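Here is how the chains run, residue by residue.
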Amino acid sequence: MASPMKSLVVFALIATIVSGHAFAAVTHSGGAASKITVVTETNSQSTNSGSFIDLPGATVSITVPAGKTQLVQARFTGESGCGPISSGSYWCSVQIVAVGTSGTVQMLPDSGLDGAFDSVPGTQDLWEGHAVERSLVLPAGKYKVKAQWQVSDPAVTFSLDDWSFTVTQYAVGK
């Protein structure tokens, strides 16, 4: 009969191997930057939407040339407030999507609502700076790259101010 320590070691090795495959990191690479577009906003905006909606103004139109693929990297930074619920596990999320003729695809990592941008802190939430960065290799075509926002509960208010949305296209993507 195997010892408990030997069984524990075997279990740990199997868990490591399985989780290594299940949680493998995705790597993309690209060539020189071919285009950088930056959109900024200094007016405060708020939402209570329980589903992802477009953040007004946070849209960049891009074109990937015919016969090419490009690594596209998008970064959203801004001041945020998430509240005013005084307790519980609530948060505010930002995702970045690429919308093309084939539909909408969430840029990677694809976290959805699970990608918390800010959270409810308790009794008081002050403005804080936060960021999210996503990337994706896109085939030839025209796209709108959009930042979208959502709250985990409609009783939560998500406010953004002084934000910047940067989309960089790299000459090659794989």
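Residues numbered from 1 in each chain as written. Predicted model: local features only at pLDDT ≥ 70, side-chain atom pairs only at ≥ 80, totals over all residues. Heavy atoms only, no water.

Trainee: Can you walk me through the pattern of salt bridges in this structure?
Mentor: Pairing is possible between side chains of opposite charge, provided their charged atoms come close. Enumeration according to the criterion identifies two salt bridges in this entry. Between D54 and K146 there is a salt bridge, and its shortest N-O distance comes to 3.0 Å. Taken as a pair, D54 in strand β3 (residues 53-83) and K146 in strand β7 (residues 128-151) lie far apart in primary sequence, 92 residues in all. According to the relative accessible area criterion, D54 is partly exposed, its value standing at 34%. (Salt bridge = Lys/Arg side-chain N within 4 Å of Asp/Glu carboxyl O. Helix = DSSP H or I, 4+ residues; strand = E, 2+ residues; numbered from the N terminus. Buried < 20%, exposed > 50% of the residue type's maximum accessible area, 1.4 Å probe, protein only.)

Trainee: What is the right way to read the environment of A147 from this model?
Mentor: Position of A147 among the secondary structure elements: in strand β7. For A147, a relative accessible area of 1% gives the class buried. Spatially, the C-alpha atoms of A147 and L55 are 5.8 Å apart, while their sequence positions differ by 92 residues.

Trainee: What exactly am I supposed to notice about the state of the cysteines here?
Mentor: One way to say it: the disulfide is the covalent bond shared by the sulfur atoms of two cysteines. Under the defined criterion, the tally for this structure stands at one disulfide. Two residues share a disulfide in this structure: C82 and C92, whose sulfurs sit 2.2 Å from each other. Its S-S torsion of about 90 degrees marks the bond between C82 and C92 as right-handed, since a negative value means left-handed. Highlighted residues: C82 in strand β3 and C92 in strand β4 (residues 91-100), separated in sequence by 10 residues. We classify C82 as buried; its relative accessible area is 1%. (Disulfide = S-S within 2.5 Å.)

Trainee: Where do I start with the nonpolar core in this structure?
Mentor: Nonpolar side chains in soluble globular proteins tend to be buried together. By size, the foremost hydrophobic cluster in this structure holds 31 residues, and its most contacted members are F76, V145 and F165. If you list the elements that add at least two residues to this core, you get β3, β4, β7 and β8 (157-170). In terms of residues, this core owes the most to one element, β3, which gives nine residues. (Core = buried A, V, L, I, M, F, W, Y, C linked by side-chain atoms within 4.5 Å.)

Trainee: Got a minute to help me understand the packing of aromatic side chains in this structure?
Mentor: What characterises a pair of aromatic rings is the spacing of the ring centres plus the angle enclosed by the ring planes. Under the defined criterion, the tally for this structure stands at three aromatic pairs. Relative to F165, the ring of F76 has its centre 6.4 Å away and its plane inclined at 55 degrees; by these criteria the two rings are tilted. Pair noted here: F76 is in strand β3 and F165 is in strand β8, with a separation of 89 residues, a long-range link. In this pair, the class of F76 matches that of F165, namely buried. (Phe/Tyr/Trp six-rings, centres within 6.5 Å; stacked < 30°, edge-to-face > 60°.)

Trainee: How should the side chain of Q95 be read in this particular structure?
Mentor: Along the chain, Q95 falls in strand β4. Within the local environment of Q95, its side chain forms a polar contact with the side chain of Q106, the two groups lying 2.9 Å apart. Within the structure, Q95 has its side chain in polar contact with the side chain of Q148 (distance 2.6 Å). (Polar contact = N/O pair within 3.5 Å; in protein donor to acceptor, adjacent residues only side chain to side chain.)

Trainee: Quick question: what am I supposed to make of the confidence of the model for the protein chain here?
Mentor: For any part of a model where pLDDT is low, the fine detail of the predicted coordinates should not be relied upon. Taken as a whole, the protein chain shows an average pLDDT of 83; of its residues, 79% reach a score of 70 or greater. Mean pLDDT values for the elements of the protein chain range from 38 in helix α1 (residues 4-22) up to 97 in strand β2 (residues 45-47). Across residues 1-21 the pLDDT falls below 50, and counting only partners more than four positions away or on other chains, this stretch makes one contact in the model. (pLDDT = per-residue confidence, 0-100. Contact = heavy atoms within 4.5 Å.)

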